[in-house]
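Architecture and fold: a report
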Amino acid sequence: MLTLDEVNAKYFDVLKELGNIGAGNATTAIANMLNLRIDMKVPTVAFLPVEELGTAIGAEDDIIVGIMLGVEMDIEGSMMFLLDMNSAHKIVNRLMMRDESYAEPFDEMDLSAIKEVGNIIAGSYLSALSSMTNLAISPTVPFVAVDMAAAILSVPAVQFGVFGDHALMIETKFSDDLGISGHFILMPEEGSYEKILASLGLSI
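Let me begin by describing the structure that accompanies this report. Quick caveat, the model's predicted, so the values are computed rather than measured. (Residues numbered from 1 in each chain as written. Predicted model: local features only at pLDDT ≥ 70, side-chain atom pairs only at ≥ 80, totals over all residues. Heavy atoms only, no water.)

1. As for the nonpolar core
In plain terms, the rule: Within this scheme, the nonpolar core is defined by two criteria: the residues are buried Ala, Val, Leu, Ile, Met, Phe, Trp, Tyr or Cys, and they are joined through side-chain atoms within 4.5 Å. Burial here depends on accessible area, computed with a 1.4 Å probe over protein chains only, as a share of the maximum for the residue type. Under 20% is buried, over 50% is exposed, and the range in between is partly exposed. The contact criterion used throughout is that any non-hydrogen atoms of two residues lie within 4.5 Å.
Counting residues in hydrophobic clusters, the biggest one holds 41 residues, and the most contacted among them are Met 79, Tyr 125 and Phe 184. Setting aside residues no more than four positions away along its own chain, Phe 184 makes contact with Ala 23, Ala 26, Met 79, Met 80, Phe 81, Ile 121, Tyr 125, Leu 168, Met 169, Ile 170 and Thr 172. Ranked by size, the runner-up nonpolar core spans 14 residues in total, among them Leu 48, Leu 53, Met 80 and Leu 82.

What follows is the structure in structure tokens.
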């Protein structure tokens, strides 16, 4: 059996492609939801130790929005979709049909809309992964946090640390009229890497 680091090194291109396709599927869902044409630039994909996530997307004290959920059934782990505040406001304003310059603190209805965005994104992302691997994959109910990046990114390490010590981080920038960018983080538990690769005809 290979170690997790060896899996990352040997099959990085395969896992990167899984990440790219998942992110592309989720981007299409965002475009349909916002009724915009959104082109996804080629994502930057990296495997990172969980403890490095806190500084991976910018300054630790930046306020961001995190949509977090668990992944279960044939694959177990966690998934996050992170937005800077500017992108989050643009999405919510579009959904609420408000002026795009509106930047008041999010109320309960806004947070509910963000959670629904998370549902759609996670469902689209995991649907692509399920189709490619023929594995049954289901997201849990998402929850939303608005906090400093360091606080939000400590959640995978604390809540999902049992699943392993590496995360697949996909930085996705969108070319659209709104100027949205976001980060996907997928962190399967160690046994799930084997299941994913085996489903693609690769043995470890």
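2. Section: unusual backbone geometry
For residues besides glycine, phi is generally negative; the peptide bonds are generally trans as well. As a reminder, the rule being used: Put simply, DSSP H or I for four residues or longer makes a helix, DSSP E for two residues or longer makes a strand, and each gets a number counted from the N terminus.
Positive phi values are uncommon outside glycine, yet Met 97 reaches one of about 55°. Along the chain, Met 97 turns up in the loop between helix H3 (85-96) and helix H4 (108-133). The class for Met 97 is exposed, based on a relative accessible area of 76%. Phi is positive for Asn 134, close to 55°, though the residue is something other than glycine. Along the chain, Asn 134 falls in the loop between H4 and strand S5 (137-139). Residue class for Asn 134 comes out exposed when judged on its relative accessible area of 70%.

3. Brief notes about helix H2 (residues 12-34)
Using the following cut-off: In this scheme, a helix's expected span is set at 1.5 Å multiplied by one less than its residue total.
Helix length check: H2, at 23 residues, gives a terminal C-alpha distance of 32 Å against a target of 33 Å (1.5 Å per residue), a fit within 8%. Residues of H2 that are buried include every one of Leu 15, Leu 18, Gly 19, Asn 20, Gly 22, Ala 23, Ala 26, Thr 27, Ala 29, Ile 30, Ala 31 and Leu 34, and no others. Just past H2, the residue Asn 35 takes up positive phi, approximately 55°.

4. Observations concerning the pattern of salt bridges
Here the idea is simple: oppositely charged side chains can pair when their charged atoms come close. Using the following cut-off: Definition used for salt bridges: Asp or Glu carboxyl oxygen within 4 Å of a side-chain nitrogen of Lys or Arg.
Evaluation of the coordinates by the stated rule reveals 1 salt bridge. Here Asp 110 makes a salt bridge to Arg 98, at a shortest N to O gap of 3.2 Å. Taken together, the positions of Asp 110 in helix H4 and Arg 98 in the loop between H3 and H4 put the pair 12 residues apart, joining distant regions of the chain. Assessed through its relative accessible area of 26%, Arg 98 is described here as partly exposed.

5. Examining the layout of surface pockets
As a reminder, the rule being used: The definitions used throughout rest on a 1 Å grid laid over the protein atoms alone, on which a cavity is an enclosed set of points accommodating a 1.4 Å probe that cannot get out and a pocket is an open set flanked by protein within 12 Å on both sides along at least five of seven lines; lining residues are those having an atom within 4 Å of a point. Grid points are joined across faces, edges and corners, and a volume is the space filled by probe spheres set on the points. Classification convention: Asp, Glu, Lys, Arg as charged; Ala, Val, Leu, Ile, Met, Phe, Trp, Tyr, Cys, Pro as nonpolar; all other residues, Gly among them, as polar.
Taken as a whole, the largest pocket holds about 150 Å³ of empty space. Around the largest pocket sit Ile 57, Gly 58, Ala 59, Asp 62, Ile 63, Ile 64, Leu 82, Leu 83, Asp 84, Ala 149, Ser 181 and His 183, which together line it. Going through the elements one at a time, strand S3 (63-73), strand S4 (77-84) and strand S8 (181-188) are the ones with two or more residues in the lining of the largest pocket. Here the element with the most residues in the lining of the largest pocket is S4; it accounts for 3 residues. Looking at the lining of the largest pocket residue by residue, the classes come out as 7 nonpolar, 3 polar and 2 charged.

6. Describing the packing of H2 against helix H6 (residues 190-199)
What counts, and what does not: Every axis corresponds to a line fitted to the C-alpha atoms, with the helix fit spanning only the stretch in contact, and the corresponding angles, defined between N-to-C directions, vary from 0 to 180 degrees. Here is the rule for angles: anything less than 35 degrees is roughly parallel, anything more than 145 is roughly antiparallel, 65 through 115 is roughly perpendicular, and the remaining ranges are oblique.
Direction vectors running N to C along H2 and H6 enclose 90°, while the axes themselves pass 11 Å from each other. Considering their axes alone, H2 and H6 lie roughly perpendicular with respect to each other. Packed against H2, whose contacting residues are Val 14, Leu 15 and Leu 18, the element H6 presents Tyr 193, Ile 196 and Leu 197 at the interface. Broken down by class, the residue content of the contact of H2 with H6 amounts to 6 nonpolar, no polar and no charged.

7. Remarks on the pairing of S8
Defined as follows: Pairing between two strands requires that DSSP report at least two bridges joining them.
Across the 8 residues that make up S8, a large majority, 8, are buried. Going residue by residue along S8, you find Ser 181, His 183, Ile 185 and Met 187 tucked away on one face and Gly 182, Phe 184, Leu 186 and Pro 188 tucked away on the opposite face as well. As judged from the 7 bridges shared by S4 and S8, these two strands associate in the antiparallel manner. The partner of Met 80 across the bridge, within S8, is Ile 185.

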